[in-house]
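Breakdown of the fold
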Amino acid sequence: MASVSSSSCLSKAVRQHYMSLPQGEKCQVTYIWIDGTGEELRNKTRTLDSEPESINDIPEWNFDGSSTYQAEGSNSDMYLIPVRMFRDPFTLDRNKLVLCEVLKYNRLPAETNERASCNKVMEEVKDHHMWFGMEQEYTLLGIDGHPFSWPVHGYPSPQGPYYCGVGAKNAYGRDIVECHYKACLYAGVKICGTNAEVMPSQWEFQVGPCEGIEMGDHLWVARYLLHRVCEDFGVVATLDPKPITGNWNGAGCHTNVSTMQMREERGLQYIEEAIEKLRKKHSKHIRVYDPRGGQDNARRLTGLHETSSINDFSAGVANRGASIRIPRQVGQEKRGYFEDRRPAANCDPYAVTKAIAHTCLLDSEEEED
Ligand code: ADP
Ligand code: MN
Ligand code: MN
Ligand code: MN
């Protein structure tokens, strides 16, 4: 199997011996952060003398920003500020995973630290109790970059049987999906579901509902767990929004949104108000819904394959070809949430949720983008 990595073929039985050794009172803490690409994650581990009870027990740390596209070599130290703690599903209790914000030498947020400004907006709107749920689509690749389990030459049979499919002909790589799901539950990530997608080797998991800044935190850690599980199996998960050109679905990160008012009786009117505000800010949102200002999404949002055109804003009940979809049940009950289908799979959830909260709850009516 040339398409899986060599390290995934090392003896896992030998590994198990060492992993089962007692570790005394000491605690391994793995610090996780977003690097200078704004898409990739980095991590490193240190020992604490005892188990931290909360995030407040975890000290700041630092790293070499010149090796993560985040700083010049001559002034390379960056600060790691712990923001959210999870259980470590790989080395198990009492060990921790800790998501961090990155600050520069002057203690201002690093260029790709979207969390700091997102958090400010979420604080401003916290009385609205804005909930989010994000649907992370991704595609499995061999380490050779070829879609996992696709024929070496040619293509699998056309899309149709794969979405929510079962059986070896339809579902490619379910081990990863199931292991990732368990890892998220163990860690304390608010994963709420998973399904096979329309393109073979493409899958989705959902995280939510999460309130405010929690959304970005939980989705980034869910992504970390996905990459880490894939590493064990020797395959790669890509978040590229259109990994295969042609008649194959792209990958998005649909973002579901509600405020307290929308969830209450007759909430539909607040959903409709929010949609009108989003309509006015379509191009601003497209600019922040992928890491390249809309370029990545231009390959995906074609108006085909259950997407809307990148140039148009549209909304509708149960319409999967619209920018914004109101789920059928929400239309019937006249309360609930709406779905923004535009964010690309590789979006930064902090940038997406910040833009939505800002447009729907803070912008004045008159401004156009
Ligand atoms: P779809 O039908 O679009 O595939 P999914 O079942 O994949 O929908 O995802 C639904 C998402 O909506 C989940 O992430 C869930 O957490 C989120 N969600 C459900 N209720 C709400 C709500 N009231 N506010 C915000 N998000 C919600
Ligand atoms: Mn979905
Ligand atoms: Mn989907
Ligand atoms: Mn969806």
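Details of the structure are given in the entry above.
Here's what I pulled together on the structure shown here. Source: prediction; values computed, not measured. (Residues numbered from 1 in each chain as written. Chains lettered and ligands numbered in written order. Predicted model: local features only at pLDDT ≥ 70, side-chain atom pairs only at ≥ 80, totals over all residues. Heavy atoms only, no water.)

1. Section: the layout of surface pockets
Empty space within the largest pocket amounts to approximately 760 Å³. The wall of the largest pocket is formed by 39 residues, among which Glu135, Asn256, Arg325, Tyr337 and Glu339 lie closest to the centre. Secondary structure elements with two or more residues in the lining of the largest pocket: β6 (131-141), β7 (191-196), β8 (202-211), β10 (253-258) and α9 (328-333). Among the elements that line the lining of the largest pocket, the one with the most residues is β6, at six residues. Tallied by class, residues from the lining of the largest pocket come to twelve nonpolar, 14 polar and 13 charged. (1 Å grid on protein atoms, 1.4 Å probe; cavity = no way out; pocket = protein on both sides within 12 Å on 5 of 7 lines; lining within 4 Å. Points joined across faces, edges and corners; volume = space filled by probe spheres on them. Helix = DSSP H or I, 4+ residues; strand = E, 2+ residues; numbered from the N terminus. Nonpolar A, V, L, I, M, F, W, Y, C, P; charged D, E, K, R; others polar.)

2. Focus: the coordination of the manganese ion (ligand 4)
Protein-derived coordination of the manganese ion (ligand 4) comes from Glu135 (OE), Glu135 (OE), His254 (ND1) and Glu339 (OE), at a distance range of 2.0 to 2.5 Å. All donors of the manganese ion (ligand 4) come from a single chain, and their spacing in sequence reads E-x118-H-x84-E. The metal-metal distance between the manganese ion (ligand 4) and the manganese ion (ligand 2) is 3.8 Å, with Glu135 coordinating both. Residue Glu135 is found in strand β6, and its partner His254 is found in strand β10; the two are separated by 119 residues along the sequence. Looking at Glu135, the relative accessible area reads 14%, which means it is buried. The buried category is assigned to His254, whose relative accessible area is 7%. (Donors = N, O, S within 2.8 Å, 3.2 Å for Na, K, Ca; no water. Buried < 20%, exposed > 50% of the residue type's maximum accessible area, 1.4 Å probe, protein only.)

3. As for the site of ligand 1
In the region of ligand 1, 19 residues are neighbours, and Glu135, Glu204, Ser258, Arg325 and Glu339 sit closest. Take Glu135: an N or O atom from its side chain is 3.1 Å from an oxygen atom of ligand 1. Between ligand 1 and Val207 there is a distance of 3.5 Å, counted from an oxygen atom to a backbone nitrogen or oxygen. In the complex, 78% of the free accessible area of ligand 1, which totals 590 Å², lies under the protein chains. In a pocket analysis with a 2 Å cut-off to the grid points, ligand 1 is assigned to the largest pocket. Only β6, β8 and β10 provide two or more residues apiece to the shell around ligand 1. A per-class count over the shell around ligand 1 returns eight nonpolar, five polar and six charged. (Near = heavy atom within 4 Å. Polar contact = N/O pair within 3.5 Å; in protein donor to acceptor, adjacent residues only side chain to side chain. Areas by Shrake-Rupley, 256 points an atom, 1.4 Å probe, with all protein chains shown as cover. Sits in = over half its atoms within 2 Å of the grid points.)

4. Digging into empty space enclosed by the protein
Once rolled over the atoms, a probe with the size of a water molecule shows which space is left empty. A full pass over the atoms with the stated rule returns two cavities of 30 Å³ or more. The computed volume of the largest cavity comes to approximately 90 Å³. If you trace the largest cavity, you find 13 residues lining it, with Ile34, Cys100, Glu101, Val102 and Asn113 closest to the centre. Listing elements by their share of the lining of the largest cavity, those giving two or more residues are β1 (27-34) and β5 (96-103). No other element matches β5, which puts four residues into the lining of the largest cavity. Here the lining of the largest cavity is composed, by residue class, of seven nonpolar, three polar and three charged.

Such coordinate-based values are descriptive only and should not be taken to indicate function.
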